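Below, each chain spelled out in residue letters.
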Amino acid sequence: MRAAASFPSRPELKMAALLLRHVGRHCLRAHLNSQLCLRNAVPLATTAKEEMERFWNKNTSSNRPVSPHISIYSWSLPMAMSICHRGTGVALSGGVSLFGLSALLLPGSFESYLMFVKSLSLGPALIHSAKFVLVFPLMYHTWNGIRHLMWDLGKGLAIPQVEQSGVAVLVLTVLSSVGLAAM
């Protein structure tokens, strides 16, 4: 008859048990003898506070700004489009979040709010303008996102191609926004 505390015959379980016992003994020895931990510790050359003080002392003594101000750059189309891409991404995620929260928290249904807007008797020009304002960031972010995906594939990275693709994104954005707003 086998004893209840004996190991199964599978070798991987035996190895795991031996490893666990070895690690347990090592940790117990390290806990009982604190000199083991101190002996293996490496002292740091400087502390974070000392590094920060050295950084600020160097920068203040050289009388230069902490980082270049945005006003020193000459604006280009890719630079402006990059900033706008980030802005539309933030605006779209905020808009979707607000729409979702309002659907959960506001009383009534979507149809009741749609009927309310229809009851305001807004003119078609105002309705189409509002739809254009809502769809423009989505179209811009979509077309510019496709442009970025092409860049990720390594295509269109030369400066003239970057400028041309920027103009193409703007034209496609306006055309698709007008088309969707007209629906």
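Rules used throughout
- Residues numbered from 1 in each chain as written.
- Predicted model: local features only at pLDDT ≥ 70, side-chain atom pairs only at ≥ 80, totals over all residues.
- Heavy atoms only, no water.
- Helix = DSSP H or I, 4+ residues; strand = E, 2+ residues; numbered from the N terminus.
- Buried < 20%, exposed > 50% of the residue type's maximum accessible area, 1.4 Å probe, protein only.
- Contact = heavy atoms within 4.5 Å.
- Areas by Shrake-Rupley, 256 points an atom, 1.4 Å probe, with all protein chains shown as cover.
- Patch = residues over 30% accessible without salt bridge, like charges linked within 9 Å, V, L, I, M, F, W, Y side chains within 5 Å.
- Salt bridge = Lys/Arg side-chain N within 4 Å of Asp/Glu carboxyl O.
- Axes fitted to C-alpha atoms, helices over the stretch in contact; angles between N-to-C directions.
- Left-handed = near helix turned anticlockwise from the far one by under 90°.
- Nonpolar A, V, L, I, M, F, W, Y, C, P; charged D, E, K, R; others polar.
- Parallel < 35°, antiparallel > 145°, perpendicular 65-115°, else oblique.
- 1 Å grid on protein atoms, 1.4 Å probe; cavity = no way out; pocket = protein on both sides within 12 Å on 5 of 7 lines; lining within 4 Å.
- Points joined across faces, edges and corners; volume = space filled by probe spheres on them.
- UniProt positions renumbered as here; feature names shortened; annotations may be inferred.

## What to know about the overall build of the protein chain
- When its secondary structure is counted, the protein chain shows seven helices and zero strands.
- The secondary structure elements of the protein chain, listed N-terminal to C-terminal, are α-α-α-α-α-α-α.
- Looking at the protein chain as a whole, 10% of its 183 residues qualify as buried.
- Considering only contacts in the protein chain between residues 6 or more positions apart, those separated by 24 or more positions represent 70%.
- On the protein chain, roughly 14900 Å² of surface is accessible, and the fraction owed to carbon and sulfur atoms is 71%.

## Here's the deal with a nonpolar patch on the surface
- A grouping of F116, V117, L120, L122, L126 and I127 is seen on the molecular surface, where their side chains present a nonpolar patch of about 510 Å² in accessible area.
- Sorting the residues of the nonpolar patch by element identifies helix 5 (110–119) and helix 6 (124–152) as the ones contributing at least two each.
- Within the element layout of this structure, V117 appears in helix 5.
- V117 gets classed as partly exposed once you look at its relative accessible area, which sits at 37%.

## Structural notes on the packing of helix 6 against helix 7 (residues 159–181)
- Put simply, helix 6 and helix 7 touch, their axes get as near as 8 Å, and they point 145 degrees apart. As helix 6 packs across helix 7, the resulting crossing turns out to be right-handed.
- Split into classes, the residues belonging to the contact of helix 6 with helix 7 amount to 15 nonpolar, seven polar and two charged.

## Some points on the packing of helix 4 (residues 77–105) against helix 6
- As a packed pair, helix 4 and helix 6 sit with axes 9 Å apart at the nearest point and diverge in direction by 125 degrees. By the criterion of interaxial angle, the relationship of helix 4 to helix 6 is oblique. The two elements helix 4 and helix 6 meet at a crossing, and its hand is left-handed. For the pair helix 4 and helix 6, contact is made by M81, C84, H85, T88, G89 and L92 and by P137, L138, Y140, H141, N144, G145, R147 and H148, respectively.

## A look at the layout of surface pockets
- In this structure, the largest pocket spans a volume of roughly 720 Å³.
- Along the walls of the largest pocket sit 26 residues, with F99, F110, L114, V117 and L134 positioned nearest its centre.
- Among the secondary structure elements, those contributing two or more residues to the lining of the largest pocket are helix 4, helix 5, helix 6 and helix 7.
- The biggest single contributor to the lining of the largest pocket is helix 6, with eight residues.
- Residues that form the lining of the largest pocket fall into these classes: 20 nonpolar, four polar and two charged.

## Looking at the UniProt feature "transmembrane region" (unreviewed entry) in the protein chain
- Those residues carrying the UniProt feature "transmembrane region" (unreviewed entry) are residues 89–110, 122–143 and 164–182 in this numbering.
- The annotated region residues 122–143 carries 91% helix and 0% strand content, and the separation between its end C-alpha atoms amounts to 31 Å.
- Segment residues 164–182 splits into 95% helix and 0% strand. End C-alpha atoms: 27 Å apart.

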